[in-house]
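Here are the chains, one letter per residue:
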Amino acid sequence: MSRPLSFTDDALNALRDRPASDVSVEELTQFLAMGEKPKEKWMLGLELELFAQDTISKKPLEHDKLAAILEAINTHKNWTPEIDPGGSLIGLMGDGQLVSLEPGGQLEYASKPFRALRELRTSLTEFVKIADEATKSVGGQLLALGHHAHATVATVPKMPKNRYDI
């Protein structure tokens, strides 16, 4: 991943103040190159969001079952639990990786950066296997879809995270 450029960078300020139509491809290319890392420092990571639903009713799983899934995952991982100020389990962190609950009952897996694609694949495959077994243990299944196929805004469960109240 390249280093993030911020609005404090002089080059970004200069580009930001100009209409996009006045910025040449060469200027934009040079600007983006400022954030490059040398090839020997390139790494690869991913985020995967999975919807958890009841196998029979197809309804999204509520927080109690999602927390049970996180607890089951943690029997394999022994990561640090992330607890909401209200006391609810909302995620796990460890080994540079993260599993969190997202709006609508999604489980999000964020890998750590890896040097080789095969290492990322091994990590992802291991996580998906553990998460799938944990979800089946509460009568659910995981869906890797862009939206929940069997839920609406009115029917998705709200996760106990303060930021979702906003």
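Look up a bit, the structure's there.
Report on the accompanying structure. Here the structure is a predicted model, which is why all the values come from computation and not from measurement. (Residues numbered from 1 in each chain as written. Predicted model: local features only at pLDDT ≥ 70, side-chain atom pairs only at ≥ 80, totals over all residues. Heavy atoms only, no water.)

## Quick look at the overall build of the chain
Here is step 1 of the chain: Check the secondary structure of the chain and you find five helices and six strands.
Here is step 2 of the chain: Helices and strands in the chain line up, N terminus first, as α-α-β-α-β-β-β-β-α-β-α.
Here is step 3 of the chain: Taking the contacts inside the chain whose residues are at least 6 apart along the sequence as the reference set, 61% of them involve residues at least 24 apart. (Helix = DSSP H or I, 4+ residues; strand = E, 2+ residues; numbered from the N terminus. Contact = heavy atoms within 4.5 Å.)

## A few points about the packing of aromatic side chains
Here is step 1 of the chain: Per the stated rule, a full pass over the model turns up one aromatic pair.
Here is step 2 of the chain: Seen from their ring centres, Tyr-109 and Phe-127 are 4.4 Å apart, and the 10° between their planes marks the pair as stacked. On the criterion of sequence distance, the pair formed by Tyr-109 in strand β5 (residues 106–110) and Phe-127 in helix α4 (residues 117–136) is long-range, its members being 18 residues apart. Comparing Tyr-109 with Phe-127, the two get one shared label, buried. (Phe/Tyr/Trp six-rings, centres within 6.5 Å; stacked < 30°, edge-to-face > 60°. Buried < 20%, exposed > 50% of the residue type's maximum accessible area, 1.4 Å probe, protein only.)

## Quick look at the pairing of strand β4 (residues 97–102)
Here is step 1 of the chain: Within β4, five of the six residues are buried, leaving the element largely enclosed by the surrounding structure.
Here is step 2 of the chain: As paired elements, strand β3 (residues 89–94) and β4 share four bridges and run antiparallel to each other. Note that in β4 the partner of Met-93 across the bridge is Leu-98.
Here is step 3 of the chain: As defined by bridge partners, β4 adjoins β5 across five bridges and the pair is classed as antiparallel. By the bridge assignment for β5, Ser-100 is matched with Glu-108.
Here is step 4 of the chain: Here β4 folds back onto β5, and the loop between the two strands holds three residues, one of which, Gly-104, carries a positive phi near 80°. (Pairing = 2+ DSSP bridges.)

## A look at unusual backbone geometry
Here is step 1 of the chain: In the Ramachandran plot, Asn-78 falls in the positive-phi region, its phi being about 55° despite a non-glycine side chain.
Here is step 2 of the chain: Here Asp-95, not a glycine, exhibits a phi torsion of approximately 55°, which is positive.
Here is step 3 of the chain: With respect to the secondary-structure elements, Asp-95 resides in the loop between β3 and β4.

## What to know about the nonpolar core
Here is step 1 of the chain: With 23 residues, the main nonpolar core has Ile-69, Ile-73 and Val-99 as its most contacted residues.
Here is step 2 of the chain: For this core, the elements supplying multiple residues, two or more each, are β1 (47–54), α3 (63–77), β3, β4, β5 and α4.
Here is step 3 of the chain: It is α3 that provides the largest number of residues to this core, a total of six residues.
Here is step 4 of the chain: Once residues within four sequence positions are removed from consideration, Val-99 is found in contact with Leu-70, Trp-79, Ile-90, Gly-91, Leu-92, Leu-107, Glu-108, Tyr-109 and Phe-127. (Core = buried A, V, L, I, M, F, W, Y, C linked by side-chain atoms within 4.5 Å.)

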